[in-house]
Amino acid sequence: MSDIGRQLVDSLYAELMIDDEWAVRRDRGFTWWGYRLAQHVEASPTVHLGDQQRCVVRVWTEVAREVAPASNPAAALAAVNRQQSMSAAVWDRPARRVNECATTVVSTDTLDWHTQLLATAAVLQNVSAHANAPALAQACGGTPALSNHPDAGERAEMDGVLGVPAQRVIPAGAGGSRYTGPLVEGLGGYAAKLGFRATADATGLVCEVPYPAQSGRDTALLRISTTQAHPVLGHGALVVLRLPVAPGGMRVARLANELNAAEARGESAVPLLGAWCPDVLATDGNGLAFTCFLPNLLARTGLLEDQIGYQAARARFAQAQLSG
């Protein structure tokens, strides 16, 4: 049986139509230069579970280096992460770097779908990193993480695949959400089968997922909305997991970065396709939430159902991290 991790890496390389001249291949991953920033893809060792294989695939793009801790990088990243789609901007304090990061968990029966999902996330991440690098590096007291291919040198022109958001994702987001209707209205029943209290209609879901903590509440609130458009990508599905915590404005950014960093390392065992940030639905900025925006281009049966399970697991992970 072929290794699922190597299969996904090869499929993603092909899906992104990467020119060999601008890439460095490795056994379980690759680095490539779509323009001036390096993007990395790496698959973890594969775990065999019966006739299924499972592995974690990480995608990250270098944004800034030589970041100054005194500049409060977590606060600068919190503002960026409030408007992310399928990645998190993460401050790696020991390395003094900022990267945009995404992960997913792939199994044998989800390989084809995860190739498209991760390819979309990778392109959006790469474009976002290039757009944010100058201002974010300045805000963090560092420098943009510009680099060159070890043999081909500096890439003078942007790869055509980085035009996909403007050519395909944004046009697909025009008009209404493709998730409205059948893709969302049955989510209440699906959540109930998982043992969660939930209500849903044709435009969204509100669901309580377990959050066992000494906070006076024992649930976190998951919202999926098809009525709130992304400021750049247009319509799709906004997923927000709101924790029942109020850590205070100064601590929110720090805790959000700690959670993003842990997830970027694969510690949560659920896909990092989005970012922890100050609660985008709170008026006082004191809440802590995970937010993800799924573009219209990805709309398909089962995608939102997956989000319920992922966010329930994420709430448990966050509770353990914050209480520890």
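In this text the structure is predicted, and so the values were computed from the model without any measurement.

Conventions and cut-offs
Residues numbered from 1 in each chain as written. Predicted model: local features only at pLDDT ≥ 70, side-chain atom pairs only at ≥ 80, totals over all residues. Heavy atoms only, no water. Helix = DSSP H or I, 4+ residues; strand = E, 2+ residues; numbered from the N terminus. Buried < 20%, exposed > 50% of the residue type's maximum accessible area, 1.4 Å probe, protein only. Polar contact = N/O pair within 3.5 Å; in protein donor to acceptor, adjacent residues only side chain to side chain. Contact = heavy atoms within 4.5 Å. Pairing = 2+ DSSP bridges. Salt bridge = Lys/Arg side-chain N within 4 Å of Asp/Glu carboxyl O. Axes fitted to C-alpha atoms, helices over the stretch in contact; angles between N-to-C directions. Parallel < 35°, antiparallel > 145°, perpendicular 65-115°, else oblique. Left-handed = near helix turned anticlockwise from the far one by under 90°. Nonpolar A, V, L, I, M, F, W, Y, C, P; charged D, E, K, R; others polar. Core = buried A, V, L, I, M, F, W, Y, C linked by side-chain atoms within 4.5 Å.

Concerning the side chain of His130
With respect to the helices and strands, His130 occurs in helix H3 (residues 111-139). A relative accessible area of 17% places His130 in the buried class. In this structure the side chain of His130 is engaged in a polar contact, spanning 3.2 Å, whose partner is the backbone nitrogen of Leu37. In contact with His130, other than residues within four places in its own chain, are Tyr35, Arg36, Leu37 and Leu162.

A look at unusual backbone geometry
Positive phi values are uncommon outside glycine, yet Glu66 reaches one of about 55°. Within the secondary structure layout, Glu66 lies in the loop between strand S5 (52-65) and helix H2 (73-81). Positive phi, normally seen in glycine, also occurs at Ala269, with a value near 65°. Among the structural elements, Ala269 can be located in the loop between helix H7 (249-264) and strand S13 (275-278). Here Ala269 falls in the partly exposed class, since its relative accessible area comes to 45%.

Observations concerning the pairing of strand S2 (residues 29-33)
Among the five residues of S2, five are classified as buried, and the element is accordingly described as predominantly covered. The side-chain alternation of S2 yields two buried faces, one formed by Gly29, Thr31 and Trp33 and the other by Phe30 and Trp32. The turn joining strand S1 (residues 23-26) and S2, which pair antiparallel and follow one another in sequence, is formed by two residues. Strand direction decides the pairing type here: S2 and strand S3 (residues 38-43), joined by five bridges, are antiparallel. The partner of Trp32 across the bridge, within S3, is Gln39. The loop that links S2 with its antiparallel partner S3 comprises four residues.

A look at the pattern of salt bridges
In total, this model carries 14 salt bridges according to the counting rule given. Close ionic contact of Asp3 with Arg6 constitutes a salt bridge, the shortest N to O distance being 3.7 Å. For Arg6, a relative accessible area of 34% puts it in the partly exposed group. Between Arg314 and Glu263 there is a salt bridge, and its shortest N-O distance comes to 2.7 Å.

Looking at the packing of helix H1 (residues 4-15) against H3
As a packed pair, H1 and H3 sit with axes 9 Å apart at the nearest point and diverge in direction by 50°. Here H3 runs oblique to H1, going by the angle between their axes. As H1 packs across H3, the resulting crossing turns out to be right-handed. Along the contact surface, H1 presents Ile4, Gln7, Leu8, Ser11, Leu12 and Glu15, while H3 presents Leu111, His114, Thr115, Leu118 and Ala119. Looking at side-chain class alone, the contact of H1 with H3 contains six nonpolar, four polar and one charged residues.

Considerations on the nonpolar core
Among soluble globular proteins, nonpolar side chains are generally buried collectively. With 80 residues, the main nonpolar core has Leu241, Trp276 and Leu294 as its most contacted residues. In terms of residue count, the dominant contributor to this core is H3 (nine residues). Among residues more than four places away in sequence, those in contact with Leu294 are Met86, Tyr179, Gly236, Ala237, Val239, Leu303, Leu304 and Gln307.

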